[in-house]
Amino acid sequence: MTEYLLLDNKYWKVVLHPDQYYLGRSVIISKSTNKHLSQFSLEEMKELFEVIKTLEASLRKAFDATLFNWTSLNNDSYKQENIGKESNFHLHLRPRYSHPVIINGYTFQDRNFGEHYERHTDEQVSDEIMEEITKKIKMCL
């Protein structure tokens, strides 16, 4: 699976999530082995905040995102099959839209705008559309 890298900073990197049910859905991944938010240094947290600000601004500029849902769901790292495996702290970003957005003829529609985001979605788009989303976000960083 291709990784679509949006940002790569000293402490954090941002990749486009393969599920684009929410256009621009991304994951901010720590480069450290910290498992809890409280373990990060002030320098790491400062960079995380800058990444969040930059990413939100670029999604507003690129696609006119209306709002943002942020989550840290590190539950899977505690499932029996994952115990002992390395996992990095990460945040999920789901941009939300009050309007449709069309990219290369494909319409992205936030079908439950104003409600809690859908958790079990799987909207796979073509590599060409993933590349276009990546390009548009990076142009606005």
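### Concerning the nonpolar core
One broad rule of soluble globular proteins: the nonpolar side chains tend to lie buried together.
Then, in step 1: Membership of the largest hydrophobic core comes to 30 residues, with the highest contact counts inside it found for Ile-28, Leu-59, Phe-63 and Ile-133.
Then, in step 2: At the level of secondary structure, the elements contributing two or more residues to this core comprise strand S1 (4–8), strand S2 (12–16), helix H1 (42–63), strand S5 (90–96), strand S6 (101–103) and helix H2 (127–139).
Then, in step 3: Looking at which element gives the most residues to this core, the answer is H1, with 6 residues.
Then, in step 4: The residues touching Leu-59, leaving out its near neighbours within four places in the chain, are Gly-24, Asp-64, Ala-65, Phe-68, Leu-93, Pro-95, Tyr-97 and Ile-137.

### As for the packing of aromatic side chains
Then, in step 1: The full count for this structure, using the stated rule, is 5 aromatic pairs.
Then, in step 2: Ring centres 4.8 Å apart and planes at 75° place the aromatic pair Tyr-21 and Tyr-22 in the edge-to-face group. Across the pair, exposure class does not vary: Tyr-21 and Tyr-22 are buried alike.
Then, in step 3: Ring geometry for Phe-40 against Phe-89: centres 5.5 Å apart, planes inclined by 65°, an arrangement best described as edge-to-face.

Cut-offs used in this document
Residues numbered from 1 in each chain as written. Predicted model: local features only at pLDDT ≥ 70, side-chain atom pairs only at ≥ 80, totals over all residues. Heavy atoms only, no water. Core = buried A, V, L, I, M, F, W, Y, C linked by side-chain atoms within 4.5 Å. Buried < 20%, exposed > 50% of the residue type's maximum accessible area, 1.4 Å probe, protein only. Helix = DSSP H or I, 4+ residues; strand = E, 2+ residues; numbered from the N terminus. Contact = heavy atoms within 4.5 Å. Phe/Tyr/Trp six-rings, centres within 6.5 Å; stacked < 30°, edge-to-face > 60°.

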